[in-house]
Amino acid sequence: MEPNIAEVAERIRELRETEGYSQEEIARAMGVSLEQYIEIEAGRKDLSLSTLYKCAKKLGVDSLELLSGDTPKLSGYVIDRIGEAIPTEEHMGFLYRHLASNFRNKTVVPLLVTAPYVGDQKEEMPMSTHEGQEFDHILEGRLELRYGKHTEILMPGDSVFYDSSKEHRLTAPDKGGCKFIAIVIKKESV
């Protein structure tokens, strides 16, 4: 099930209005300009995964509710069968498959990530930050991690754990791209 940008935008607008927040308040919580937020809420601009999580946190819901309109229901355990994970397209061509999306009150967000090859454009990609910590384990291909002034190449079987509130950038240096498991640990659980 591919999330529809217009439907996600409508859910954000409805929740924002229900909770009594102004567009400025949500934009500030998401870390975007008011103009960018207006484009997101109108369904004309996709939002990044980290921006989606910030929005969901401010609105007091799980990101699944914004993506699909469903509320996570399971609390004992959840199994994600192949092909059933909820995908969302991230800017710059990254594809994220949300694992354990139907588990409520998650303290971590497990993702299967496919990073595309960006070639010489990697320096044009912005550095990223989001609250908490992140663990990435490489499954296929190679992944280049830029963390502050450090650059590391990770191979299949390698993993990295880092403070994701510091500037970082993940890119696939090879034409085949890279597939990895990412576990984003929310700040509240740290």
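Note that the structure is predicted; figures quoted are calculated from it, not measured.

Basis of the calculations
- Residues numbered from 1 in each chain as written.
- Predicted model: local features only at pLDDT ≥ 70, side-chain atom pairs only at ≥ 80, totals over all residues.
- Heavy atoms only, no water.
- Helix = DSSP H or I, 4+ residues; strand = E, 2+ residues; numbered from the N terminus.
- Expected span 1.5 Å × (residues − 1).
- Buried < 20%, exposed > 50% of the residue type's maximum accessible area, 1.4 Å probe, protein only.
- Arc of directions from axis to C-beta.
- Contact = heavy atoms within 4.5 Å.
- Pairing = 2+ DSSP bridges.
- Polar contact = N/O pair within 3.5 Å; in protein donor to acceptor, adjacent residues only side chain to side chain.
- Salt bridge = Lys/Arg side-chain N within 4 Å of Asp/Glu carboxyl O.

J.: Is there a simple way to think about helix 1 (residues 5-19) in this case?
T.: Owing to its 3.6 residues per turn, the α-helix brings residues three or four apart onto one side. Given a rise of 1.5 Å per residue, 15 residues ought to cover 21 Å, and the 21 Å separating the end C-alpha atoms of helix 1 matches this to within 8%. Along helix 1, the residues that are buried comprise Val 8, Ala 9, Arg 11, Ile 12 and Arg 16. An end-on view of helix 1 places all buried positions within 160° of arc, on one side of the element. Looking one or two residues beyond helix 1, the residue adopting positive phi is Gly 20, at roughly 80°.

J.: Explanation requested: helix 2 (residues 23-30) in the structure shown.
T.: For helix 2, every residue scored as buried is listed here: Ile 26, Ala 27 and Met 30. In a view along the axis of helix 2, the buried residues occupy a sector of 100°, so they form one face of it. Packed against the buried residues of helix 2 are helix 1, helix 3 (34-41) and helix 4 (49-59). Following helix 2 by one or two positions, Gly 31 adopts a phi angle in the positive range, close to 75°.

J.: What is the right way to look at the pairing of strand 5 (residues 143-147) in this model?
T.: Put simply, side chains in a regular strand alternate between the two faces of the sheet. Relative to strand 6 (residues 150-154), strand 5 runs antiparallel, the two being bridged by five bridges. Note that in strand 6 the partner of Glu 144 across the bridge is Ile 153. Between strand 5 and strand 6, which pair antiparallel in sequence order, lie two residues; one of them, Gly 148, sits at a positive phi of approximately 60°. As paired elements, strand 5 and strand 8 (residues 168-171) share four bridges and run antiparallel to each other. Bridge pairing in strand 8 places Glu 144 opposite Thr 171.

J.: Looking at this structure, I do not really get the side chain of Arg 16. What am I missing?
T.: As for its position among the elements, Arg 16 is in helix 1. Within the structure, the side chain of Arg 16 is placed 2.7 Å from the side chain of Glu 41, a separation counted as a polar contact. If near-sequence neighbours (up to four positions away) are discounted, Arg 16 is found in contact with Tyr 21, Ser 22, Gln 23, Ile 26, Tyr 37, Glu 41 and Leu 59.

J.: Just checking my understanding: could you explain the side chain of Thr 51 for this structure?
T.: With respect to the helices, strands and loops of the structure, Thr 51 is situated in helix 4. Judged by relative accessible area, which is 10%, Thr 51 ranks as buried. Residues contacting Thr 51, with those up to four places away along its chain left out, are Met 30 and Val 32.

J.: Even after reading the chapter, I still don't get the pattern of salt bridges, so can you show me in this structure?
T.: Side chains carrying opposite charge are able to pair once their charged atoms draw close together. In total, this model carries seven salt bridges according to the counting rule given. Residue Glu 10 pairs with Arg 13 through a salt bridge whose shortest N-O separation is 2.3 Å. Residue Glu 10 and its partner Arg 13 are located together in helix 1, separated by three residues, close to a single helical turn. Lys 57 serves as the salt-bridge partner of Glu 131, at 3.1 Å between the closest nitrogen and oxygen. One end of the pair, Glu 131, is in the loop between strand 3 (108-115) and strand 4 (133-140); the other, Lys 57, is in helix 4, and 74 residues separate them in sequence. Among the ionic contacts, a cluster of salt bridges with common partners joins Glu 10, Arg 13, Arg 16, Glu 17 and Glu 41.

J.: Can you help me understand the pairing of strand 3 in this one?
T.: Pairing between strand 2 (residues 95-98) and strand 3: four bridges, direction antiparallel. Along strand 3, the bridge assignment pairs Tyr 96 with Val 113. Sheet topology places strand 3 next to strand 9 (residues 178-185); eight bridges connect them, and they run antiparallel. Across the sheet, residue Ala 115 finds its bridge partner in strand 9, namely Cys 178.

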